Amino acid sequence: MIVVIDYDIGNLASVVKAFEYLNVPVKLSSDYRALAEASGIVLPGVGAFGEGMENLKRLKLEKRIIEEVRTGKPFFGICLGMQLLFSSSEECQETAGLGLIEGEVKLFDRNKVGKVPHIGWNQVEIMKKDQVFNGLNGENFYFVHSYYVKPVRDDVILGKTNYGNQTFAAVVRRDNVWGMQCHPEKSSQVGLSVLRNFSGVVLNANNTSN
Ligand SMILES: NC(=O)CC[C@H](N)C(=O)O
């Protein structure tokens, strides 16, 4: 069962619906016990970095998420959920992130990109082969964001996107933790492929551990 974390932030239901459409066992939960029983965890979200972290803390999920990741359980952060994986964000200087991937979240420079937020379809250039990209080769995905992640290490970058004169990390991975800045649940068939591929990662991880 994949658990989509319910931390009172936007756009959670559409991620659940996408997995349901794929006939992947999924549930929305804010209960840390559900995270412990989950075979894979997804942290989606549309909203502000500070609000996201405050909600995770209020629900006593911040430490539980880190514990579950440490067990090797596959974890997928989407959009805000990807940004919360990092150490800090310019969107909220006083709030630390989960720190699961070293790096920071930066505001797009209007002088480099023109319009902020980055809204619309854009290409994700695959930089490294990975199971979540199975069947894909540089397709377009849907983005809605004003900030982008800047990992400390380039080797966590799986996919990049060009926006104006800025190239940013659109997909990252560190061990059992994936992050995607674009919205697979809003990216039609290519997005469903990514979610289907992640459910395959979860299945493999569970078959290996049993
Ligand atoms: N759609 C979002 O919530 C994106 C996350 C973050 N607030 C950003 O603007 O980049």
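The rules we used
- Residues numbered from 1 in each chain as written.
- Predicted model: local features only at pLDDT ≥ 70, side-chain atom pairs only at ≥ 80, totals over all residues.
- Heavy atoms only, no water.
- UniProt positions renumbered as here; feature names shortened; annotations may be inferred.
- Helix = DSSP H or I, 4+ residues; strand = E, 2+ residues; numbered from the N terminus.
- Buried < 20%, exposed > 50% of the residue type's maximum accessible area, 1.4 Å probe, protein only.
- Contact = heavy atoms within 4.5 Å.
- Arc of directions from axis to C-beta.
- Near = heavy atom within 4 Å.
- Polar contact = N/O pair within 3.5 Å; in protein donor to acceptor, adjacent residues only side chain to side chain.
- Areas by Shrake-Rupley, 256 points an atom, 1.4 Å probe, with all protein chains shown as cover.
- Nonpolar A, V, L, I, M, F, W, Y, C, P; charged D, E, K, R; others polar.
- Disulfide = S-S within 2.5 Å.
- Phe/Tyr/Trp six-rings, centres within 6.5 Å; stacked < 30°, edge-to-face > 60°.

### Some points on the UniProt feature "active site" (unreviewed entry) in the chain
Reasoning step 1: When the UniProt feature table is mapped onto this chain numbering, "active site" (unreviewed entry) sits at Cys79, His183 and Glu185. Of the residues just listed, which span 107 residues, no C-alpha pair is farther apart than 10.7 Å, and they cluster in one region.
Reasoning step 2: Its place among the elements puts Cys79 in the loop between β4 (75-78) and α5 (80-83).
Reasoning step 3: With a relative accessible area of 6%, Cys79 lands in the buried category.
Reasoning step 4: Ignoring anything within four residues of it in the chain, the contact list for Cys79 reads Gly45, Val144, Met180, Gln181, Cys182 and His183.
Reasoning step 5: Here Glu185 lies in the loop between β13 (177-180) and α7 (188-209).

### Thoughts on helix α1 (residues 12-21)
Reasoning step 1: Turning to α1, its buried residues are Leu12, Val15, Val16, Ala18 and Phe19. Down the axis, α1 shows its buried residues gathered within 155° of arc, on one side only. Opposite the buried face of α1, at more than 90 degrees from it, the exposed residues are Lys17 and Tyr21.
Reasoning step 2: In the stretch just after α1, Asn23 is the one whose phi turns positive, near 60°.

### Digging into the site of the ligand
Reasoning step 1: Around the ligand sit Val46, Gly47, Cys79, Gln83, Glu91, Val144, His145, Ser146 and Tyr147, and those are all the residues in its vicinity.
Reasoning step 2: Contacts to the ligand include Gln83, whose side-chain N or O atom sits 3.0 Å from an oxygen atom.
Reasoning step 3: Relative to its free-state accessible area of 300 Å², the ligand is covered by the protein chains to the extent of 91%.
Reasoning step 4: When grouped by side-chain class, the residues that make up the shell around the ligand number four nonpolar, four polar and one charged.

### Topic: helix α4 (residues 62-70)
Reasoning step 1: Residues of α4 that are buried include every one of Glu62, Ile65, Ile66, Glu68 and Val69, and no others. In a view along the axis of α4, the buried residues occupy a sector of 165°, so they form one face of it. Of the residues in α4, the exposed ones pointing more than 90 degrees away from the buried face are Lys63 and Arg70.
Reasoning step 2: In this fold, the buried residues of α4 make contact with β1 (2-5), α2 (32-37), β3 (40-43), α3 (49-58), β4 and β13.

### Thoughts on the state of the cysteines
Reasoning step 1: Applying the stated rule across the entire model yields zero disulfides.
Reasoning step 2: Not engaged in a disulfide, the cysteine Cys79 finds its nearest cysteine sulfur in Cys182; these two sulfurs lie 8.7 Å apart.

### What to know about the packing of aromatic side chains
Any pair of aromatic rings gets described here by the distance separating the centres and the angle formed by the planes.
Reasoning step 1: Applying the stated criterion to the full structure yields eight aromatic pairs.
Reasoning step 2: Taking 5.9 Å as the distance between ring centres and 65° as the angle between the ring planes, the aromatic pair formed by Trp121 and Tyr142 counts as edge-to-face. Of the two residues, Trp121 is situated in strand β7 (residues 118-123) and Tyr142 in strand β9 (residues 140-145); the sequence distance between them amounts to 21 residues.
Reasoning step 3: On the basis of relative accessible area, Trp121 is assigned to the partly exposed category, the value being 46%.
Reasoning step 4: Taking 6.0 Å as the distance between ring centres and 75° as the angle between the ring planes, the aromatic pair formed by Trp178 and Phe198 counts as edge-to-face. You can see Trp178 sitting in strand β13 and its partner Phe198 sitting in helix α7, a full 20 residues away along the chain.
Reasoning step 5: We classify Trp178 as buried; its relative accessible area is 3%.

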